Amino acid sequence: MGNLTIGCALAAWMLAQAIKFTRHLVQHRTLDFGFFVSTGGMPSAHSAMVTALATSIGLREGLGSPLFAVTLAFAVVVMFDAQSVRRAAGQQARLL
């Protein structure tokens, strides 16, 4: 791939999805390829992707670069939002 940073981000997303697929396979003994395109569950593919993105930028451009600051802020927002959505879904599930 021509862009190593995008490659790292996509690889992290695919790894997170593969972990969900494998965990479901081991627990339920059924193949569900929907895990490769589904959202939700742990580990969070979105969080893995933005973490890999920020890490790659930090290593390539330097931790003091403005681009790293932007990707770090983006990663924090995505992870905070994912955590907030999971908490809200859990609270709603308890109420129902």
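In case you missed it, the structure is sitting above this.
Below: a short report on this structure. (Residues numbered from 1 in each chain as written. Predicted model: local features only at pLDDT ≥ 70, side-chain atom pairs only at ≥ 80, totals over all residues. Heavy atoms only, no water.)

**Notes on unusual backbone geometry**
Phi angles above zero are rare outside glycine, and Arg-29 is one such case at about 55°. Along the polypeptide, Arg-29 turns up in the loop between α1 (4-28) and α2 (45-61). (Helix = DSSP H or I, 4+ residues; strand = E, 2+ residues; numbered from the N terminus.)

**Side note on α2**
The end-to-end C-alpha distance of α2, which contains 17 residues, comes to 24 Å, matching closely the 24 Å that a straight helix rising 1.5 Å per residue would cover. Considered for burial, the residues of α2 that qualify are Ala-45, Ser-47, Val-50, Ala-52, Ala-54, Ser-56, Ile-57 and Gly-58. Contacts from the buried residues of α2 go to α1 and α3 (66-95). Within two residues after α2, Gly-62 carries a phi angle of roughly 100°, on the positive side. (Expected span 1.5 Å × (residues − 1). Buried < 20%, exposed > 50% of the residue type's maximum accessible area, 1.4 Å probe, protein only. Contact = heavy atoms within 4.5 Å.)

**Re the nonpolar core**
In terms of nonpolar packing, the biggest core is built from six residues, these being Val-50, Ala-54, Ile-57, Phe-68, Ala-75 and Val-78. Elements that contribute at least two residues to this core include exactly α2 and α3. (Core = buried A, V, L, I, M, F, W, Y, C linked by side-chain atoms within 4.5 Å.)

**Section: the packing of α1 against α2**
Where α1 meets α2, the axes come as close as 8 Å, and the angle between the chain directions of the two elements is 150°. On the basis of their axis angle, the class for α1 and α2 is roughly antiparallel. Crossing of α1 over α2 shows right-handed handedness. Residues Leu-4, Thr-5, Cys-8, Ala-9, Leu-10, Ala-12, Trp-13, Ala-16, Gln-17 and Lys-20 of α1 touch α2, and the partners they reach there are Ala-45, Ala-48, Met-49, Ala-52, Leu-53, Ser-56, Ile-57 and Arg-60. Of the residues belonging to the contact of α1 with α2, the class tally is 13 nonpolar, three polar and two charged. (Axes fitted to C-alpha atoms, helices over the stretch in contact; angles between N-to-C directions. Parallel < 35°, antiparallel > 145°, perpendicular 65-115°, else oblique. Left-handed = near helix turned anticlockwise from the far one by under 90°. Nonpolar A, V, L, I, M, F, W, Y, C, P; charged D, E, K, R; others polar.)

**Quick word on α1**
The end-to-end C-alpha distance of α1 is 36 Å, a good match for the 36 Å that 25 residues give at a rise of 1.5 Å each. Burial in α1 covers these residues: Thr-5, Ala-9, Ala-12, Ala-16, Gln-17, Lys-20, Phe-21 and His-24. Where α1 begins, one side-chain oxygen reaches toward the backbone nitrogen of Thr-5, 3.1 Å away; that side chain belongs to Asn-3. Residue Arg-29 follows α1 closely and has a positive phi angle near 55°. (Polar contact = N/O pair within 3.5 Å; in protein donor to acceptor, adjacent residues only side chain to side chain.)

**Quick look at the packing of α2 against α3**
Across the interface, α2 lies against α3 with an axial gap of 9 Å and an inter-helix angle of 165°. As the angle between them shows, α2 and α3 are arranged roughly antiparallel. Classified by chirality, the crossing of α3 by α2 is left-handed. Counting all contacts with α2, which are made through His-46, Ser-47, Val-50, Thr-51, Leu-53, Ala-54, Ile-57, Gly-58 and Glu-61, the residues of α3 involved are Leu-67, Phe-68, Thr-71, Leu-72, Phe-74, Ala-75, Val-78, Met-79 and Ala-82. Classifying every residue of the contact of α2 with α3 gives twelve nonpolar, five polar and one charged.

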